[in-house]
Amino acid sequence: MRLVSVEEARRIAVRSQLLDGAATDVPGTVRQLGFLQIDPIATVATPQHLVLWSRLGHYDTAELDRLLWETKELFEWHAFIRPIEELPLVRAFERRWRTSTRYHSERWVRGFLAENRAFRRYVLREIAERGPLLSRELEDRAAGDPRDHRWWGSRRVGLMLQSLDLYGEIAVAGRREGQCLWDLAERWLPATETLSTKAMETRHAEARFRALGVRRAAAGWEAHPDAVDGPVPERATFLSPFDRLVHDRDRAERLFDFHYRLEMYVPKAKREYGYYVLPILRGDQLIGRIEPVFERKTGVLNVNGVWAQPGAPANAGADIGRALRELAGWLGASKITVGSQVPRAWAKALRASV
């Protein structure tokens, strides 16, 4: 066990997540991170794109599509994008979904598929004969009365498709206007081995530890054996709420003394900050948060507010302003507006970025 101080742990965490400016390309970044989480919310940009921007700066988002749908260096499973080398690991996860009843979600999916055997056969037959298909190109033949679902509404085709994806029977083979195109997994993905359960658990834990760089131990912070400490440039960037540096909110608070919660589902009157606020990383410190909103129809990047952490450096405004201009350029924004909620020490530099 290699124990390090919290200061060393912060630097290692930032460097391991390639947030020190060391990232050079999309495939290498995804391989180091292990995966990208997919979410449709695009107040600024979707998380899978914003996580890459935080590390690479200006890059072509079409590169991610090319790696997914043309060269197949990456693949999508269960709302995550992973390197194709991780397919044997995912096969083991799929086997666990098919065989385990340990968790409520596993029991629920098994029950849904058992209740809808005819519906399942219909979906697989249609995809085999006509695929790849969009969800809307399939009939809802689910058993029982329609019930509103938080994500699927009353139409249960999406629920069937996601269940078959979890079981490894179908796979996302492309996207059309943001919607998944579904094909048979055996037709889209290469044949691979399936890891044993023990190998799956070991490999999954090792990959997570390596990507994060450090983890909590009883006596402090433990660094991965391959993690390298070193100075981190005072580069400023903005992090997606799904970014792995802050995704574990308790870990981020212990490591960076940064209390962060996504307030998207909090009533507006009760929000402390804003709807979709992004942490500001500068060097190896989380120094504040920012709420940018990109209006695609007008091409305007609005900054609703900026909030500094206690003790944040007064001279950080210029770095944040540069990051804001880089974000605007990458998004294709023609204009930046900055609201009145800005720390006084940063206000002049931030407004100079407009």
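Anything mentioned here points back to the structure above.
Residues numbered from 1 in each chain as written. Predicted model: local features only at pLDDT ≥ 70, side-chain atom pairs only at ≥ 80, totals over all residues. Heavy atoms only, no water.

Draft legend 1. Quick peek at the overall build of the protein chain. Across its full length, the protein chain carries 13 helices and 13 strands. For 354 residues, the compact-globule estimate of 2.2 N^0.38 gives 20 Å, and the protein chain sits close to it at 22 Å. Viewed in the frame of its principal axes, the protein chain has a C-alpha envelope of about 65 × 50 × 40 Å. Classification of the 354 residues of the protein chain by burial places 52% in the buried group. Put simply, of all contacts in the protein chain between residues at least 6 apart along the chain, 61% involve residues at least 24 apart. Treating the 55 positive side-chain charges of the protein chain as one cloud and the 47 negative ones as another, the clouds have centres 3 Å apart. (Helix = DSSP H or I, 4+ residues; strand = E, 2+ residues; numbered from the N terminus. Rg over C-alpha atoms; globule rule 2.2 N^0.38 Å. Buried < 20%, exposed > 50% of the residue type's maximum accessible area, 1.4 Å probe, protein only. Contact = heavy atoms within 4.5 Å. Lys, Arg positive; Asp, Glu negative; His and termini not counted. Charge placed at Lys NZ, Arg CZ, Asp CG, Glu CD.)

Draft legend 2. Layout of the sheet that holds strand β8 (residues 220-223). The strand order across the open sheet formed by three strands is β1-β8-β7, and the pairing between neighbours is antiparallel. The sheet is open, and its two borders are formed by β1 (2-4) and β7 (214-217), each paired with just one other strand. Direction aside, neighbouring strands of the sheet carry axes that sit 45° apart on average. Where β1 meets β8, three bridges bridge the pair, whose relative direction is antiparallel. Its bridge partner being in β8, Leu-3 is matched across the sheet by Glu-222. (Pairing = 2+ DSSP bridges. Axes fitted to C-alpha atoms, helices over the stretch in contact; angles between N-to-C directions.)

Draft legend 3. Broad picture of the packing of helix α12 (residues 317-331) against helix α13 (residues 344-352). Two elements in contact, α12 and α13, have axes separated by 8 Å at closest approach and are oriented at 30°. Comparing their axes, α13 and α12 come out roughly parallel. Read as a crossing pair, α12 and α13 show a hand that is right-handed. Between α12 and α13, the contacting residues are Gly-317, Ala-318, Ile-320, Gly-321 and Arg-325 on the first element and Trp-346, Ala-349, Leu-350 and Ala-352 on the second. In terms of residue class, the contact of α12 with α13 is built from six nonpolar, two polar and one charged. (Parallel < 35°, antiparallel > 145°, perpendicular 65-115°, else oblique. Left-handed = near helix turned anticlockwise from the far one by under 90°. Nonpolar A, V, L, I, M, F, W, Y, C, P; charged D, E, K, R; others polar.)

Draft legend 4. Focus on unusual backbone geometry. In the segment running from Gly-131 into Pro-132, the intervening peptide bond is cis, with an omega of 0°. Mapped onto the elements of the fold, Pro-132 is located in the loop between α7 (117-130) and α8 (157-166). One non-glycine residue with positive phi stands out, namely Lys-72, at about 60°. You can see Lys-72 is positioned in the loop between α4 (62-69) and β3 (74-77).

Draft legend 5. Just the environment of Met-200, in detail. Tracing the sequence through the fold places Met-200 in helix α10 (residues 197-212). Assessed through its relative accessible area of 1%, Met-200 is described here as buried. Ignoring any residue separated from it by four or fewer positions in sequence, one finds Met-200 in contact with Leu-89, Ala-92, Phe-93, Arg-96 and Leu-195.

Draft legend 6. Representation of the sheet that holds strand β12 (residues 300-308) within the structure. Overall, mixed pairing links the five strands, which are arranged β9-β10-β11-β12-β13 in an open sheet. Either end of the sheet is taken by a strand with one partner, and the two such strands are β9 (236-238) and β13 (335-341). The mean angle between the axes of side-by-side strands here comes to 30°, regardless of whether they run parallel or antiparallel. Judged from the eight bridges that link them, strand β11 (residues 285-295) and β12 form a sheet pairing that is antiparallel. Note on β12: the bridge partner recorded for Ile-290 is Val-306.

Draft legend 7. Highlighting the pattern of salt bridges. Under the definition given, this model contains 21 salt bridges. Among the salt bridges present, the one from Arg-203 reaches Glu-86, with a minimum N-O distance of 3.2 Å. Here the residue Arg-203 occupies a position in helix α10, and Glu-86 occupies one in the loop between β4 (80-83) and α5 (87-99), the gap between them amounting to 117 residues. The exposure class of Arg-203 is partly exposed, given its relative accessible area of 29%. Assessed through its relative accessible area of 17%, Glu-86 is described here as buried. Three or more residues are tied together by salt bridges with common partners; here these are Glu-234, Arg-282, Asp-319 and Arg-322. (Salt bridge = Lys/Arg side-chain N within 4 Å of Asp/Glu carboxyl O.)

Draft legend 8. Structural context of helix α6 (residues 104-115). Helix length check: α6, at 12 residues, gives a terminal C-alpha distance of 16 Å against a target of 16 Å (1.5 Å per residue), a fit within 8%. In this fold, the buried residues of α6 make contact with α5, α7 and α8. (Expected span 1.5 Å × (residues − 1).)

Draft legend 9. The packing of aromatic side chains, seen in detail. As enumerated under the stated definition, the model contains nine aromatic pairs in all. Geometrically, the ring pair formed by Tyr-59 and Trp-330 is stacked, given 5.5 Å between the ring centres and 25° between the ring planes. Within this pair, whereas Tyr-59 is found in the loop between α3 (47-56) and α4, its partner Trp-330 is found in helix α12, the two being separated by 271 residues in sequence. Trp-330 shares its class with Tyr-59; the two are buried. Residues Trp-108 and Phe-112 carry aromatic rings whose centres are separated by 5.6 Å and whose planes lie at 10° to one another, so their mutual orientation is stacked. Linking Trp-108 with Phe-112, this pair stays in helix α6, spanning four residues, or about one helical turn. According to the relative accessible area criterion, Trp-108 is partly exposed, its value standing at 38%. (Phe/Tyr/Trp six-rings, centres within 6.5 Å; stacked < 30°, edge-to-face > 60°.)

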